[in-house]
Amino acid sequence: MKKYALILLLGLAVSTAAFSGFYYFGTASCRQLMRQPQPELAWLKKEFHLSDAEFTRISQMHAAYLPQCRERCLRIAEQDRQLQQLLDNATNMTPEIQNLLAQRARTRGECETEMMKHFLEVSRTMPPEQGRRYLAWVEEHIFLRGQGMEGNHPMAEEQGER
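What this report covers is the structure whose coordinates are included nearby. Quantities reported herein were computed from a predicted structural model and do not represent experimental measurements.

What to know about unusual backbone geometry
Then, number 1: One non-glycine residue, H49, lies in positive phi territory at about 50°.
Then, number 2: In this structure, H49 sits in the loop between helix 3 (39-47) and helix 4 (52-88).

Digging into the packing of aromatic side chains
The description of an aromatic ring pair uses the distance of the two centres, along with the angle that the planes make with each other.
Then, number 1: One pass over the full model with this rule turns up five aromatic pairs.
Then, number 2: Ring geometry for F19 and Y23: centres 6.2 Å apart, planes at 25°, overall stacked. Of this pair, F19 and Y23 both sit in helix 1 (residues 2-26), four residues apart, roughly one helical turn. As far as the burial class goes, F19 and Y23 line up, both exposed.
Then, number 3: Here the aromatic rings of W43 and F48 are separated by 6.2 Å at their centres, their planes lie at 65°, and the arrangement is edge-to-face.
Then, number 4: Accessibility expressed as a relative area gives 33% for W43, which makes it partly exposed.

A short note on the nonpolar core
Then, number 1: With 16 residues, the main nonpolar core has L44, F48, L50, I58, V122, M126 and Y134 as its most contacted residues.
Then, number 2: For this core, the secondary-structure elements that each account for two or more residues are helix 4, helix 5 (95-125) and helix 6 (128-143).
Then, number 3: The leading source of residues in this core is helix 4, at five residues.
Then, number 4: When neighbours within four sequence positions are excluded, L44 is seen to be in contact with H49, L50, I58, M126 and Y134.

Section: the pattern of salt bridges
Then, number 1: Within this structure, the stated rule accounts for nine salt bridges.
Then, number 2: Salt-bridge contacts for R57 lead to E121; the nearest nitrogen and oxygen are separated by 4.0 Å. Of this pair, R57 sits in helix 4 while E121 sits in helix 5; the two residues are 64 residues apart in sequence, bridging distant segments of the chain.
Then, number 3: In this structure, E78 engages R81 in a salt bridge whose closest nitrogen and oxygen atoms are separated by 2.5 Å. Pair noted here: E78 and R81 are both in helix 4, with a separation of three residues, about one helical turn.
Then, number 4: Linked by salt bridges that have partners in common, D80, R104 and R108 make up one network.

What counts, and at which threshold
- Residues numbered from 1 in each chain as written.
- Predicted model: local features only at pLDDT ≥ 70, side-chain atom pairs only at ≥ 80, totals over all residues.
- Heavy atoms only, no water.
- Helix = DSSP H or I, 4+ residues; strand = E, 2+ residues; numbered from the N terminus.
- Phe/Tyr/Trp six-rings, centres within 6.5 Å; stacked < 30°, edge-to-face > 60°.
- Buried < 20%, exposed > 50% of the residue type's maximum accessible area, 1.4 Å probe, protein only.
- Core = buried A, V, L, I, M, F, W, Y, C linked by side-chain atoms within 4.5 Å.
- Contact = heavy atoms within 4.5 Å.
- Salt bridge = Lys/Arg side-chain N within 4 Å of Asp/Glu carboxyl O.

The following block contains the structure:
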């Protein structure tokens, strides 16, 4: 019986050590990225092969963009809150709801415009080929995903547009 317990414990110890080793080495690159000065941008440096100077410039641009972005996000969140409040008590479309929807659409449009300006500015900081790759990534992952209302509309599915 002691022999089986020893084999079981040894097996557990070896399994634990193997798992720990695989985990440690498998996550090494992620942990290294998290130690960077701006870990949220570190992937950009690695993916687009940026020099330290290019990365520093993009980091500065990102830091300058964030307060404006945060302000727009807060405005959109407040408009969403106001709209929810109006809709909770509404049974018909009112001019107030209509005006808020239009204002919210303008704010979202402004947000997308400023975001695209920022992405274009970032792409110009990169080497030309990497800048083109970056813009292609932005288009695919941010602007052209078809995740807006038009992509979720039931008519799109019926017409085979999904």
